[in-house]
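# What the coordinates show
Each chain, letter by letter, is given below.
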Amino acid sequence: MKVVLQTTWNTTAAWRAELLRQAPDLDVRIWPEIGDPAEIDVVLCWQPPPDLFTGMRNLRLIQVLGAGVDGLLRSHPQLPPVPVARLVDPVMSRRMAEYCLYATLRFHRQFDIYERQLAQARWERHQHADAGEIAVGVMGLGAIGSATVQLLRQLGYNVAAWARSPHPEAGVPVFVGEEGLPAFLARTRILICLLPLTAQTASILDRRLFEQLPHGSYLVNAARGEHLVVPHLLAALESGRLEGAMLDVFAHEPLPRSSPLWRHPKIFVTPHTAGITNPRTATGVIVEQLRRLERGEPLLHLVDPSRGY
Ligand code: GLV
């Protein structure tokens, strides 16, 4: 099977080595040195350039190397008519869940406040609630949202989720769709966004949404920068509607040094690091997908381009 590997990361060599270690029969070609495009069966890509698929007449699968496919769908409105799959790696989901756990602990146990005190060498102790009294609300119940819900639940947090459709298997209250959003927000103290980026979810973290949260809530965004309306976040922090935010994703990455987000005392910025893909474990998932393709079996985690994820 002839596979093109394209990433914008500095880990292309590691990916190639893993692919060949786990599936020595593969013919892995690194973009742009791909030889005859008509020979290519599969593209493994992350943020591909517009011409990547040109001439790939016999392409059978586009496998994205990350969880989100918004970048691919946006930059390629005319994708070749082949299945598109996103990457669902339990190790990556776990990494994302750990990030959200840290954010939850940070705000629940007031490490944000202690960090500010540290800078002033100030010894002052604060009462805090128990985990069961902290209402965490997870937006999105895909693989990553579900892993996050389960991890937080194990630690005793009062978790609920918001999703497009009912999830009776979630084991926590799930608020559904537009109608469920106000009640979900009203009960949430720490809001975690893990939604896919679609036309429906872009700019969902806006003034209208923040106003429905209890005063003094917290925001965690580990999904996409485009979910968040930054001036509305700054206003919500100013008014006290929000007490803090932890942000991993930004509409423009790297986040420019001039961004006020870096320096805001109530915002904790991380450089899109919540769920960095692990080439070793992700390759295991991809090799399984390629075997399925070879055997003509149903493929995993296919994207519905009309839905956007
Ligand atoms: C990273 O943001 C991903 O979608 O995997």
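For the structure given in this document, a descriptive report is provided here. (Residues numbered from 1 in each chain as written. Predicted model: local features only at pLDDT ≥ 70, side-chain atom pairs only at ≥ 80, totals over all residues. Heavy atoms only, no water.)

## Comments concerning the overall build of the protein
A count of helices and strands for the protein gives ten helices and twelve strands. The principal-axis extent of the C-alpha atoms belonging to the protein is close to 65 × 40 × 30 Å. A total of 309 residues make up the protein; the buried ones form 50% of that total. Of the contacts formed within the protein by residues at least 6 apart in sequence, a portion of 60% connects residues at least 24 apart. (Helix = DSSP H or I, 4+ residues; strand = E, 2+ residues; numbered from the N terminus. Buried < 20%, exposed > 50% of the residue type's maximum accessible area, 1.4 Å probe, protein only. Contact = heavy atoms within 4.5 Å.)

## Side note on the site of the ligand
With respect to spatial proximity, the complete set of residues near the ligand consists of Trp46, Gly66, Ala67, Gly68, Met92, Arg224 and His272. Within the backbone of glycine 68, an N or O atom sits 2.7 Å from an oxygen atom of the ligand. For the ligand, whose free accessible area comes to 190 Å², the fraction covered by protein is 85%. Residues of the shell around the ligand, tallied by class, amount to three nonpolar, three polar and one charged. (Near = heavy atom within 4 Å. Polar contact = N/O pair within 3.5 Å; in protein donor to acceptor, adjacent residues only side chain to side chain. Areas by Shrake-Rupley, 256 points an atom, 1.4 Å probe, with all protein chains shown as cover. Nonpolar A, V, L, I, M, F, W, Y, C, P; charged D, E, K, R; others polar.)

## Description of the environment of alanine 85
With respect to the element layout, alanine 85 can be found in strand S5 (residues 84-85). We classify alanine 85 as buried; its relative accessible area is 0%. Residues alanine 85 and arginine 307, 222 residues apart in the sequence, show an inter-C-alpha distance of 13 Å. Setting aside residues no more than four positions away along its own chain, alanine 85 makes contact with Leu61, Ile62, Gln63, Val64, Gln289, Leu300, His301, Leu302 and Val303.

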